[in-house]
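Here are the chains, one letter per residue:
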Amino acid sequence: MSNRPFRFVHAADLHLEEVPRGVAHVPTHLTDLFLQSPYRAAERVFDAACSEHADFLVISGDLLDAARTGPRGPLFLVEQCEKLAARGIPVYWAGGLVDPPEAWPPSVRLPDNVVFFPVGRPEEVIFNRQSEPVVRLLGASRTQGRRLRPNEYAAEPGGLFTIAVTHGGADPESLKRREIGYWALGGRHQRQTLFSGPEAAHYPGTLQGRSPSDTGQFGCTLVEVDPRRTIRLTPITTHVFRWHAEQVDVGQSDTRKDLETILRQRIELLGQAHPAVDSMISWTVSGSGRLLTAIRRGGLADELVEMLRKEYGFGQPALWSLTLEAEAAICVPPPWFEQETVRGDFLRMIRDWREKPRAEIDLTEYLPECYLAGWLSAAATVSDEQELKRILAEAAMLGVDLLTPEGPES
Ligand SMILES: [Mn+2]
(Lines give C-alpha, C1' and ligand atoms only; values in the text may rest on other atoms or scores of the structure.)
Protein backbone atom coordinates (compact mmCIF):
# COMPACT_ATOMS: atom_id res chain seq x y z
CA MET A 1 0.00 0.00 0.00
CA SER A 2 1.37 3.43 -0.90
CA ASN A 3 1.75 5.77 2.05
CA ARG A 4 0.40 9.27 1.79
CA PRO A 5 2.10 11.98 3.77
CA PHE A 6 -0.02 13.76 6.33
CA ARG A 7 0.32 16.32 9.10
CA PHE A 8 -1.69 17.05 12.19
CA VAL A 9 -1.62 19.10 15.36
CA HIS A 10 -1.46 17.19 18.64
CA ALA A 11 -2.53 18.97 21.85
CA ALA A 12 -3.41 17.79 25.36
CA ASP A 13 -4.15 19.06 28.86
CA LEU A 14 -5.64 22.35 27.70
CA HIS A 15 -7.43 22.68 31.08
CA LEU A 16 -9.62 25.63 30.17
CA GLU A 17 -10.85 25.62 33.78
CA GLU A 18 -7.45 26.29 35.35
CA VAL A 19 -6.19 29.85 35.70
CA PRO A 20 -2.62 30.56 36.83
CA ARG A 21 -1.98 30.44 40.59
CA GLY A 22 0.79 30.85 43.13
CA VAL A 23 1.01 34.64 42.85
CA ALA A 24 0.22 36.66 45.96
CA HIS A 25 -0.94 39.74 44.10
CA VAL A 26 -1.85 40.14 40.42
CA PRO A 27 -1.75 43.80 39.38
CA THR A 28 -4.80 45.24 37.64
CA HIS A 29 -3.13 45.61 34.26
CA LEU A 30 -2.29 41.88 34.20
CA THR A 31 -5.53 40.46 35.65
CA ASP A 32 -7.09 40.00 32.25
CA LEU A 33 -4.00 38.26 30.92
CA PHE A 34 -4.10 35.78 33.82
CA LEU A 35 -7.82 35.08 33.58
CA GLN A 36 -7.95 34.75 29.79
CA SER A 37 -4.70 32.83 29.37
CA PRO A 38 -6.17 29.29 29.22
CA TYR A 39 -8.61 30.35 26.48
CA ARG A 40 -6.13 32.43 24.52
CA ALA A 41 -3.56 29.62 24.59
CA ALA A 42 -6.22 27.11 23.47
CA GLU A 43 -7.29 29.40 20.63
CA ARG A 44 -3.70 29.25 19.34
CA VAL A 45 -4.02 25.47 18.95
CA PHE A 46 -7.05 25.81 16.68
CA ASP A 47 -5.42 28.70 14.79
CA ALA A 48 -2.28 26.59 14.31
CA ALA A 49 -4.35 23.72 12.86
CA CYS A 50 -5.58 26.22 10.23
CA SER A 51 -2.34 28.06 9.52
CA GLU A 52 -0.29 24.86 9.35
CA HIS A 53 -2.83 23.32 6.95
CA ALA A 54 -3.19 20.35 9.28
CA ASP A 55 -5.20 17.40 8.01
CA PHE A 56 -6.76 17.06 11.46
CA LEU A 57 -6.42 17.99 15.13
CA VAL A 58 -5.85 15.41 17.90
CA ILE A 59 -6.68 16.22 21.52
CA SER A 60 -5.48 13.71 24.10
CA GLY A 61 -7.62 14.58 27.10
CA ASP A 62 -8.08 17.15 29.88
CA LEU A 63 -9.53 19.70 27.52
CA LEU A 64 -11.93 21.26 30.02
CA ASP A 65 -13.79 20.56 33.22
CA ALA A 66 -17.19 21.77 32.05
CA ALA A 67 -18.50 21.95 35.63
CA ARG A 68 -15.82 24.50 36.49
CA THR A 69 -15.71 26.56 33.29
CA GLY A 70 -19.48 27.03 33.25
CA PRO A 71 -21.13 27.49 29.84
CA ARG A 72 -18.19 29.51 28.54
CA GLY A 73 -15.95 26.43 28.15
CA PRO A 74 -18.24 24.28 25.97
CA LEU A 75 -19.38 27.30 23.92
CA PHE A 76 -15.78 28.32 23.25
CA LEU A 77 -14.95 24.79 22.17
CA VAL A 78 -17.92 24.58 19.81
CA GLU A 79 -16.93 27.90 18.23
CA GLN A 80 -13.33 26.77 17.73
CA CYS A 81 -14.34 23.39 16.28
CA GLU A 82 -16.72 25.16 13.88
CA LYS A 83 -13.79 27.24 12.67
CA LEU A 84 -12.04 23.98 11.74
CA ALA A 85 -15.24 22.49 10.28
CA ALA A 86 -15.39 25.40 7.83
CA ARG A 87 -11.97 24.31 6.55
CA GLY A 88 -12.80 20.60 6.50
CA ILE A 89 -10.47 19.78 9.42
CA PRO A 90 -11.73 17.00 11.73
CA VAL A 91 -11.07 17.00 15.49
CA TYR A 92 -10.33 13.70 17.27
CA TRP A 93 -10.75 14.01 21.01
CA ALA A 94 -10.20 11.42 23.75
CA GLY A 95 -11.32 12.45 27.26
CA GLY A 96 -8.91 12.42 30.18
CA LEU A 97 -9.45 12.88 33.92
CA VAL A 98 -11.50 16.09 33.86
CA ASP A 99 -13.38 15.57 30.59
CA PRO A 100 -15.05 12.15 30.50
CA PRO A 101 -17.74 12.07 27.78
CA GLU A 102 -20.53 11.98 30.36
CA ALA A 103 -19.40 15.36 31.73
CA TRP A 104 -20.17 17.12 28.44
CA PRO A 105 -23.38 19.18 28.84
CA PRO A 106 -26.09 17.33 26.84
CA SER A 107 -27.68 20.61 25.74
CA VAL A 108 -24.58 21.65 23.78
CA ARG A 109 -24.16 19.87 20.45
CA LEU A 110 -20.65 19.31 19.16
CA PRO A 111 -20.18 20.05 15.44
CA ASP A 112 -20.10 17.06 13.09
CA ASN A 113 -16.35 17.31 12.47
CA VAL A 114 -15.68 16.29 16.10
CA VAL A 115 -15.16 12.64 17.07
CA PHE A 116 -15.32 12.31 20.87
CA PHE A 117 -13.95 8.83 21.59
CA PRO A 118 -16.01 6.85 24.13
CA VAL A 119 -14.73 5.26 27.33
CA GLY A 120 -13.75 1.60 27.15
CA ARG A 121 -12.25 -0.26 24.25
CA PRO A 122 -10.63 1.98 21.63
CA GLU A 123 -12.78 2.98 18.69
CA GLU A 124 -11.42 3.04 15.15
CA VAL A 125 -11.78 6.01 12.80
CA ILE A 126 -10.25 6.27 9.32
CA PHE A 127 -9.14 9.67 8.02
CA ASN A 128 -9.69 9.86 4.24
CA ARG A 129 -8.43 12.33 1.69
CA GLN A 130 -10.40 12.43 -1.58
CA SER A 131 -12.07 9.16 -0.53
CA GLU A 132 -8.69 7.46 -0.10
CA PRO A 133 -7.83 6.18 3.40
CA VAL A 134 -4.71 7.94 4.72
CA VAL A 135 -4.40 7.10 8.39
CA ARG A 136 -6.19 5.09 11.03
CA LEU A 137 -6.89 6.44 14.51
CA LEU A 138 -7.65 4.31 17.56
CA GLY A 139 -8.97 6.36 20.45
CA ALA A 140 -10.52 5.90 23.86
CA SER A 141 -11.47 8.29 26.64
CA ARG A 142 -9.88 7.39 29.93
CA THR A 143 -11.56 4.91 32.23
CA GLN A 144 -11.43 6.65 35.63
CA GLY A 145 -9.06 5.09 38.12
CA ARG A 146 -7.36 2.88 35.52
CA ARG A 147 -4.02 3.07 33.81
CA LEU A 148 -3.56 2.96 30.09
CA ARG A 149 -3.75 -0.62 28.74
CA PRO A 150 -1.43 -0.80 25.72
CA ASN A 151 -2.67 -4.29 24.81
CA GLU A 152 -6.04 -2.86 23.82
CA TYR A 153 -4.35 -1.06 20.91
CA ALA A 154 -3.19 -2.99 17.84
CA ALA A 155 -1.43 -1.88 14.68
CA GLU A 156 -2.40 -3.12 11.22
CA PRO A 157 0.70 -4.92 9.95
CA GLY A 158 1.29 -3.82 6.35
CA GLY A 159 -1.73 -1.59 6.53
CA LEU A 160 -2.49 2.02 7.34
CA PHE A 161 -0.35 4.04 9.71
CA THR A 162 -2.04 3.89 13.14
CA ILE A 163 -2.32 6.71 15.69
CA ALA A 164 -3.43 5.80 19.22
CA VAL A 165 -5.20 8.69 20.99
CA THR A 166 -5.51 8.42 24.75
CA HIS A 167 -4.74 9.89 28.17
CA GLY A 168 -2.57 8.25 30.82
CA GLY A 169 0.76 6.62 31.41
CA ALA A 170 2.32 3.26 30.66
CA ASP A 171 5.76 1.75 30.54
CA PRO A 172 7.39 2.90 27.25
CA GLU A 173 8.50 -0.63 26.42
CA SER A 174 4.96 -1.94 26.57
CA LEU A 175 3.85 0.87 24.25
CA LYS A 176 6.68 0.18 21.83
CA ARG A 177 5.79 -3.50 21.55
CA ARG A 178 2.39 -2.61 20.04
CA GLU A 179 4.05 -1.20 16.88
CA ILE A 180 1.59 1.68 16.81
CA GLY A 181 2.96 4.42 14.52
CA TYR A 182 2.29 7.29 16.91
CA TRP A 183 1.01 7.31 20.47
CA ALA A 184 -0.77 10.65 20.91
CA LEU A 185 -0.72 10.84 24.70
CA GLY A 186 -2.01 13.27 27.29
CA GLY A 187 -1.80 13.56 31.06
CA ARG A 188 1.68 15.03 31.58
CA HIS A 189 1.87 18.78 31.77
CA GLN A 190 5.50 18.97 30.71
CA ARG A 191 6.31 18.15 27.09
CA GLN A 192 7.84 14.69 26.85
CA THR A 193 8.73 12.29 24.05
CA LEU A 194 8.93 8.72 25.40
CA PHE A 195 10.56 7.41 22.22
CA SER A 196 10.82 8.38 18.58
CA GLY A 197 11.92 6.59 15.44
CA PRO A 198 10.57 4.67 13.73
CA GLU A 199 7.51 4.78 16.02
CA ALA A 200 6.90 7.60 18.48
CA ALA A 201 5.08 8.24 21.75
CA HIS A 202 4.66 11.85 22.77
CA TYR A 203 3.05 14.11 25.39
CA PRO A 204 2.79 17.69 24.09
CA GLY A 205 2.27 19.01 27.65
CA THR A 206 -0.10 21.75 28.71
CA LEU A 207 -0.48 24.99 26.74
CA GLN A 208 0.37 27.57 29.36
CA GLY A 209 2.44 27.48 32.56
CA ARG A 210 0.20 28.06 35.55
CA SER A 211 2.57 28.72 38.44
CA PRO A 212 5.94 30.41 39.01
CA SER A 213 7.75 27.06 38.83
CA ASP A 214 6.36 26.41 35.31
CA THR A 215 9.29 28.05 33.56
CA GLY A 216 10.10 27.49 29.90
CA GLN A 217 7.82 27.23 26.95
CA PHE A 218 4.50 25.46 26.58
CA GLY A 219 2.51 24.49 23.55
CA CYS A 220 1.24 21.80 21.25
CA THR A 221 3.04 19.76 18.58
CA LEU A 222 2.91 19.64 14.81
CA VAL A 223 3.35 16.03 13.71
CA GLU A 224 4.38 15.36 10.13
CA VAL A 225 4.56 11.85 8.69
CA ASP A 226 6.22 11.44 5.27
CA PRO A 227 5.66 8.63 2.71
CA ARG A 228 8.45 6.62 4.35
CA ARG A 229 6.61 6.97 7.66
CA THR A 230 9.34 9.10 9.14
CA ILE A 231 7.81 11.18 11.94
CA ARG A 232 8.84 14.78 12.57
CA LEU A 233 7.74 16.58 15.73
CA THR A 234 7.82 20.37 15.81
CA PRO A 235 6.79 22.28 18.95
CA ILE A 236 4.29 25.11 18.44
CA THR A 237 4.37 27.67 21.24
CA THR A 238 0.98 28.63 22.61
CA HIS A 239 1.69 30.25 25.98
CA VAL A 240 0.51 33.85 26.21
CA PHE A 241 2.97 34.74 28.94
CA ARG A 242 6.07 33.12 30.39
CA TRP A 243 7.36 32.41 33.89
CA HIS A 244 11.03 32.90 34.67
CA ALA A 245 13.15 31.92 37.67
CA GLU A 246 16.23 34.14 37.62
CA GLN A 247 19.21 33.77 39.90
CA VAL A 248 21.73 36.55 40.51
CA ASP A 249 24.88 36.40 42.58
CA VAL A 250 26.24 39.05 44.95
CA GLY A 251 29.63 39.17 46.62
CA GLN A 252 30.79 40.49 50.01
CA SER A 253 31.74 43.87 48.59
CA ASP A 254 28.73 44.43 46.34
CA THR A 255 26.64 47.47 47.12
CA ARG A 256 22.95 48.00 46.58
CA LYS A 257 23.79 50.02 43.44
CA ASP A 258 25.74 47.02 42.10
CA LEU A 259 22.80 44.72 42.67
CA GLU A 260 20.42 47.17 41.01
CA THR A 261 22.69 47.27 37.97
CA ILE A 262 22.84 43.46 37.79
CA LEU A 263 19.05 43.20 38.03
CA ARG A 264 18.50 45.85 35.35
CA GLN A 265 20.94 44.18 32.96
CA ARG A 266 19.34 40.81 33.49
CA ILE A 267 15.77 42.00 33.02
CA GLU A 268 16.70 43.87 29.85
CA LEU A 269 18.25 40.69 28.44
CA LEU A 270 15.05 38.81 29.28
CA GLY A 271 12.99 41.41 27.48
CA GLN A 272 15.20 41.13 24.40
CA ALA A 273 15.07 37.33 24.43
CA HIS A 274 11.27 37.22 24.71
CA PRO A 275 9.94 40.34 23.03
CA ALA A 276 6.56 38.91 22.07
CA VAL A 277 5.14 37.81 25.43
CA ASP A 278 4.85 39.18 28.93
CA SER A 279 7.18 37.72 31.56
CA MET A 280 6.57 36.94 35.23
CA ILE A 281 9.87 36.81 37.06
CA SER A 282 10.84 35.26 40.41
CA TRP A 283 14.28 36.42 41.54
CA THR A 284 16.66 34.52 43.80
CA VAL A 285 19.76 36.26 45.10
CA SER A 286 22.64 34.02 46.13
CA GLY A 287 26.13 34.65 47.43
CA SER A 288 27.09 36.25 50.72
CA GLY A 289 27.41 39.56 52.52
CA ARG A 290 25.32 42.30 54.01
CA LEU A 291 23.10 42.71 50.96
CA LEU A 292 21.87 39.16 51.39
CA THR A 293 21.10 39.74 55.07
CA ALA A 294 19.19 42.88 54.16
CA ILE A 295 17.16 40.91 51.60
CA ARG A 296 16.38 38.18 54.13
CA ARG A 297 15.04 40.74 56.54
CA GLY A 298 12.58 41.88 53.92
CA GLY A 299 12.88 45.64 53.52
CA LEU A 300 15.44 45.73 50.73
CA ALA A 301 13.69 42.95 48.79
CA ASP A 302 10.46 44.93 48.74
CA GLU A 303 12.23 48.08 47.58
CA LEU A 304 14.04 46.29 44.75
CA VAL A 305 10.84 44.60 43.55
CA GLU A 306 9.10 47.97 43.66
CA MET A 307 11.87 49.53 41.57
CA LEU A 308 11.83 46.73 38.99
CA ARG A 309 8.06 46.86 38.70
CA LYS A 310 8.04 50.62 38.20
CA GLU A 311 10.75 50.57 35.56
CA TYR A 312 9.83 47.42 33.63
CA GLY A 313 6.45 46.11 34.79
CA PHE A 314 4.14 48.31 32.75
CA GLY A 315 5.78 48.19 29.31
CA GLN A 316 4.88 46.19 26.21
CA PRO A 317 5.68 43.43 26.86
CA ALA A 318 5.43 43.67 30.65
CA LEU A 319 8.43 42.34 32.59
CA TRP A 320 6.74 41.85 35.94
CA SER A 321 8.80 40.95 39.00
CA LEU A 322 6.82 38.69 41.33
CA THR A 323 9.23 38.16 44.21
CA LEU A 324 12.84 38.63 45.18
CA GLU A 325 14.25 36.30 47.78
CA ALA A 326 17.60 35.33 49.20
CA GLU A 327 18.71 31.84 48.26
CA ALA A 328 17.74 29.23 50.81
CA ALA A 329 21.22 28.13 51.84
CA ILE A 330 22.97 28.18 55.20
CA CYS A 331 25.96 30.44 54.59
CA VAL A 332 27.88 30.87 57.83
CA PRO A 333 31.53 30.33 58.72
CA PRO A 334 31.93 26.61 59.58
CA PRO A 335 33.38 27.27 63.10
CA TRP A 336 30.05 28.79 64.15
CA PHE A 337 28.58 25.29 64.18
CA GLU A 338 31.02 24.23 66.90
CA GLN A 339 30.81 27.24 69.24
CA GLU A 340 29.42 26.84 72.76
CA THR A 341 26.92 29.64 72.32
CA VAL A 342 23.16 29.84 71.88
CA ARG A 343 23.83 30.42 68.18
CA GLY A 344 26.04 27.30 68.07
CA ASP A 345 23.31 25.21 69.75
CA PHE A 346 20.77 26.55 67.33
CA LEU A 347 22.90 25.80 64.26
CA ARG A 348 23.65 22.29 65.48
CA MET A 349 19.96 21.64 65.94
CA ILE A 350 19.17 22.84 62.42
CA ARG A 351 22.01 20.76 61.00
CA ASP A 352 20.63 17.73 62.80
CA TRP A 353 17.20 18.32 61.28
CA ARG A 354 18.66 18.69 57.81
CA GLU A 355 20.79 15.59 58.03
CA LYS A 356 18.17 13.32 59.52
CA PRO A 357 14.98 14.77 58.16
CA ARG A 358 11.88 13.72 60.04
CA ALA A 359 9.04 12.51 57.86
CA GLU A 360 7.47 15.95 58.07
CA ILE A 361 7.38 19.17 60.03
CA ASP A 362 4.11 20.09 61.64
CA LEU A 363 3.78 23.85 61.83
CA THR A 364 0.11 23.74 62.77
CA GLU A 365 0.77 24.81 66.36
CA TYR A 366 2.15 28.13 65.11
CA LEU A 367 -1.02 29.00 63.19
CA PRO A 368 -3.40 31.52 64.67
CA GLU A 369 -6.53 29.74 65.87
CA CYS A 370 -8.77 31.27 63.21
CA TYR A 371 -6.93 29.36 60.46
CA LEU A 372 -6.98 25.93 62.09
CA ALA A 373 -10.11 24.71 60.32
CA GLY A 374 -9.13 25.96 56.85
CA TRP A 375 -6.89 24.82 54.01
CA LEU A 376 -3.91 26.61 55.53
CA SER A 377 -3.89 24.04 58.29
CA ALA A 378 -3.38 21.24 55.73
CA ALA A 379 -0.56 23.25 54.14
CA ALA A 380 1.15 23.67 57.51
CA THR A 381 2.32 20.07 57.50
CA VAL A 382 5.36 20.03 55.24
CA SER A 383 6.43 16.68 53.85
CA ASP A 384 8.22 17.57 50.59
CA GLU A 385 11.95 17.08 51.18
CA GLN A 386 13.07 20.05 49.10
CA GLU A 387 10.52 22.28 50.79
CA LEU A 388 11.67 21.03 54.20
CA LYS A 389 15.27 21.91 53.42
CA ARG A 390 14.27 25.35 52.15
CA ILE A 391 12.30 26.11 55.30
CA LEU A 392 15.14 24.91 57.54
CA ALA A 393 17.66 27.06 55.65
CA GLU A 394 15.40 30.09 55.98
CA ALA A 395 14.92 29.42 59.67
CA ALA A 396 18.68 28.99 60.11
CA MET A 397 19.52 32.30 58.48
CA LEU A 398 16.77 34.15 60.32
CA GLY A 399 18.03 32.67 63.61
CA VAL A 400 21.64 33.53 62.80
CA ASP A 401 20.61 37.12 62.02
CA LEU A 402 18.85 37.45 65.35
CA LEU A 403 21.56 35.72 67.39
CA THR A 404 24.53 37.53 65.86
CA PRO A 405 25.40 40.90 67.38
CA GLU A 406 25.67 43.84 64.97
CA GLY A 407 29.17 44.92 64.08
CA PRO A 408 32.15 43.12 62.60
CA GLU A 409 31.33 39.48 61.92
CA SER A 410 32.75 37.11 64.49
MN1 LIG B 1 -4.01 17.24 32.86
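Everything quoted here is computed from the prediction, not taken from an experiment.

K.L.:
Any chance you could explain the coordination of the manganese ion here in plain terms?
P.N.:
In an ideal tetrahedron of four donors about a metal, each angle is 109.5 degrees. In an ideal octahedron of six donors, the angles are 90 or 180 degrees. Around the manganese ion, the donor atoms from the protein are Asp13 (OD), His15 (NE2), Asp62 (OD) and His189 (NE2), and they sit 2.1 to 2.3 Å away. The sequence pattern describing where the donors of the manganese ion fall on their chain is D-x1-H-x46-D-x126-H. Here Asp62, found in the loop between β2 (56-60) and α2 (66-69), pairs with His189, found in the loop between β8 (182-186) and β9 (192-196); they are 127 residues apart in sequence, far enough to count as distant. The exposure class of His189 is partly exposed, given its relative accessible area of 32%.

K.L.:
Can you walk me through a nonpolar patch on the surface in this structure?
P.N.:
Side chains of Val342, Leu398, Leu402 and Leu403 sit close together on the surface and give an oily, nonpolar patch of about 400 Å² of accessible area. A total of 3 residues in the nonpolar patch trace back to one element, the largest contributor, which is helix α10 (residues 385-403). Summarising the element assignment, Val342 is placed in helix α8 (residues 342-355).

K.L.:
In this structure, what is going on with the layout of surface pockets? I would like to understand it.
P.N.:
Gaps between atoms show up when a probe of the same size as a water molecule is rolled over them. Its volume calculated, the largest pocket comes out at about 610 Å³. Lining the largest pocket are 22 residues, with Pro212, Ser282, Thr284, Thr323 and Glu325 positioned closest to its centre. Counting residues per element, the ones that place at least two in the lining of the largest pocket are β13 (241-250), β14 (278-287), β15 (319-326) and α10. A per-element tally of the lining of the largest pocket places β15 first, with 4 residues. Considered class by class, the residues forming the lining of the largest pocket number 8 nonpolar, 8 polar and 6 charged.

So, how was this worked out
Residues numbered from 1 in each chain as written. Predicted model: local features only at pLDDT ≥ 70, side-chain atom pairs only at ≥ 80, totals over all residues. Heavy atoms only, no water. Donors = N, O, S within 2.8 Å, 3.2 Å for Na, K, Ca; no water. Helix = DSSP H or I, 4+ residues; strand = E, 2+ residues; numbered from the N terminus. Buried < 20%, exposed > 50% of the residue type's maximum accessible area, 1.4 Å probe, protein only. Patch = residues over 30% accessible without salt bridge, like charges linked within 9 Å, V, L, I, M, F, W, Y side chains within 5 Å. Areas by Shrake-Rupley, 256 points an atom, 1.4 Å probe, with all protein chains shown as cover. Salt bridge = Lys/Arg side-chain N within 4 Å of Asp/Glu carboxyl O. 1 Å grid on protein atoms, 1.4 Å probe; cavity = no way out; pocket = protein on both sides within 12 Å on 5 of 7 lines; lining within 4 Å. Points joined across faces, edges and corners; volume = space filled by probe spheres on them. Nonpolar A, V, L, I, M, F, W, Y, C, P; charged D, E, K, R; others polar.

None of the figures reported here should be taken as evidence of function without further support.
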